[in-house]
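Residue-level listing of the chains:
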Amino acid sequence: MKADKELLEAFEQEVREISELLTPTAERLRIHYMSHPALFEEFGLIIDRIYGTAATFELMEIANYCRAIKQVTYQCAQSDNTYARSQVKDLALSAVPIVKRMAEVIHDPVQLKSIRYQMQKEQKRAEELSNRIFGSTRKGPAAA
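Let me sum up the structure you'll find in this document. Fair warning: this is a prediction, and the values are worked out from it, not measured in the lab.

Once that is clear, we can look at helix H2 (residues 38-56). Over its 19 residues, H2 extends 27 Å from the first C-alpha to the last, a length consistent with the 27 Å expected when each residue adds 1.5 Å. When the local axis directions of H2 are compared, the greatest deviation, roughly 25°, occurs at Ile-47. Those residues of H2 that fall on the buried side of the exposure criterion are Leu-39, Phe-40, Glu-41, Phe-43, Gly-44, Ile-46, Ile-47, Ile-50, Thr-53 and Ala-54. Elements that come into contact with the buried residues of H2 comprise helix H1 (5-32), helix H3 (60-77) and helix H4 (82-105). Count one or two residues on from H2 and you reach Glu-58, which has phi positive near 60°.

Using the criterion set out here, one finds 1 aromatic pair in the structure. Ring centres 5.7 Å apart and planes at 80° place the aromatic pair Phe-11 and Phe-57 in the edge-to-face group. Taken together, the residues span a long stretch of sequence, with Phe-11 in helix H1 and Phe-57 in the loop between H2 and H3 at a distance of 46 residues. Each member of the pair Phe-11 and Phe-57 is classed as buried. Between the NZ or CZ atom of Lys-89 and the centre of the ring of Tyr-33, over which it lies, the distance is 4.8 Å.

A separate point is H1. Here H1 spans 40 Å end to end across 28 residues, near enough to the 40 Å set by a 1.5 Å rise per residue. Taken as a whole, H1 has its buried residues at Leu-8, Phe-11, Glu-12, Val-15, Ile-18, Ser-19, Leu-22, Thr-25, Ala-26 and Leu-29. Against H2 and H4 lie the buried residues of H1. Two or three places before Glu-6, at the start of H1, stands the capping residue Asp-4, its side-chain oxygen 3.3 Å from that residue's backbone nitrogen.

To continue, consider the packing of H3 against H4. H4 packs onto H3 with a crossing angle of 150° between their chain directions and a minimal axis gap of 10 Å. The angle between the axes of H3 and H4 places the two elements in the roughly antiparallel class. Regarding H3 and H4, the two cross each other, and that crossing is left-handed. Each of Ile-62, Tyr-65, Ile-69, Val-72, Thr-73 and Cys-76 in H3 lies in contact with H4, whose residues at this interface are Ala-84, Arg-85, Val-88, Leu-91, Ala-95, Ile-98 and Met-102. In terms of residue class, the contact of H3 with H4 is built from 11 nonpolar, 1 polar and 1 charged.

Taken as a whole and judged by the stated rule, the model has 9 salt bridges. For the salt bridge of Arg-116 with Glu-61, the shortest nitrogen-to-oxygen distance reads 2.6 Å. Note that Arg-116 is positioned in helix H5 (residues 109-134) and Glu-61 in helix H3, a separation of 55 residues in sequence. What makes Arg-116 partly exposed here is its relative accessible area of 28%. On the basis of relative accessibility, which here comes to 29%, the residue Glu-61 falls in the partly exposed class. One salt bridge connects Arg-125 with Glu-122, and the closest N-O pair in it is separated by 3.2 Å. With Arg-125 and Glu-122 both in helix H5, this residue pair falls 3 residues apart, about one helical turn.

Here is what the cut-offs are and how they apply
- Residues numbered from 1 in each chain as written.
- Predicted model: local features only at pLDDT ≥ 70, side-chain atom pairs only at ≥ 80, totals over all residues.
- Heavy atoms only, no water.
- Helix = DSSP H or I, 4+ residues; strand = E, 2+ residues; numbered from the N terminus.
- Expected span 1.5 Å × (residues − 1).
- Bend = angle between axes of the 7 residues up to and from the residue.
- Buried < 20%, exposed > 50% of the residue type's maximum accessible area, 1.4 Å probe, protein only.
- Contact = heavy atoms within 4.5 Å.
- Phe/Tyr/Trp six-rings, centres within 6.5 Å; stacked < 30°, edge-to-face > 60°.
- Lys NZ or Arg CZ within 6 Å of the ring centre and 35° of its normal.
- Polar contact = N/O pair within 3.5 Å; in protein donor to acceptor, adjacent residues only side chain to side chain.
- Axes fitted to C-alpha atoms, helices over the stretch in contact; angles between N-to-C directions.
- Parallel < 35°, antiparallel > 145°, perpendicular 65-115°, else oblique.
- Left-handed = near helix turned anticlockwise from the far one by under 90°.
- Nonpolar A, V, L, I, M, F, W, Y, C, P; charged D, E, K, R; others polar.
- Salt bridge = Lys/Arg side-chain N within 4 Å of Asp/Glu carboxyl O.

So far we have only geometry, and geometry alone does not tell us how the molecule works.
Dropping the structure here:
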């Protein structure tokens with residue numbers, strides 16, 4: 001299903017609202033990433049909202065990026081690996097400006113290309129961390 005203009009505008013508003021939720025979560029994660037691993041899961045749950053809608057609208061670059069961030073944050077929430085927590089925290093902090101920019105350009109495929117490289121780079125980084133460090137870790141929410 002391709003998104004029509006009205007649906008894209010609603011999705012743009014949703015992404016803006018989600019970015020406002022990500023910002024304080026990322027800030028708490030920046031400060032407490034070693035002592036509060038549940039913040040990683042919280043971040044993943046929030047970004048999962050973008051993933052689901054983007055996949056429905058066949059905005060696959062956005063969906064794939066959000067899925068990778070969601071997966072690695074869920075995995076990190078279940079890990080005691082301090083190196084991983086530091087790396088995934090950095091990915092989460094990088095995701096906030098990407099999501100904010102996403103909201104600004106989502107309605108325009110030409111402008112969306114302006115963040116494509118950054119999304120692809122961060123997606124690859126998340127997938128590499130996921131495979132290298134968390135290869136056998138359960139991928140869903142820790143509370144499930």
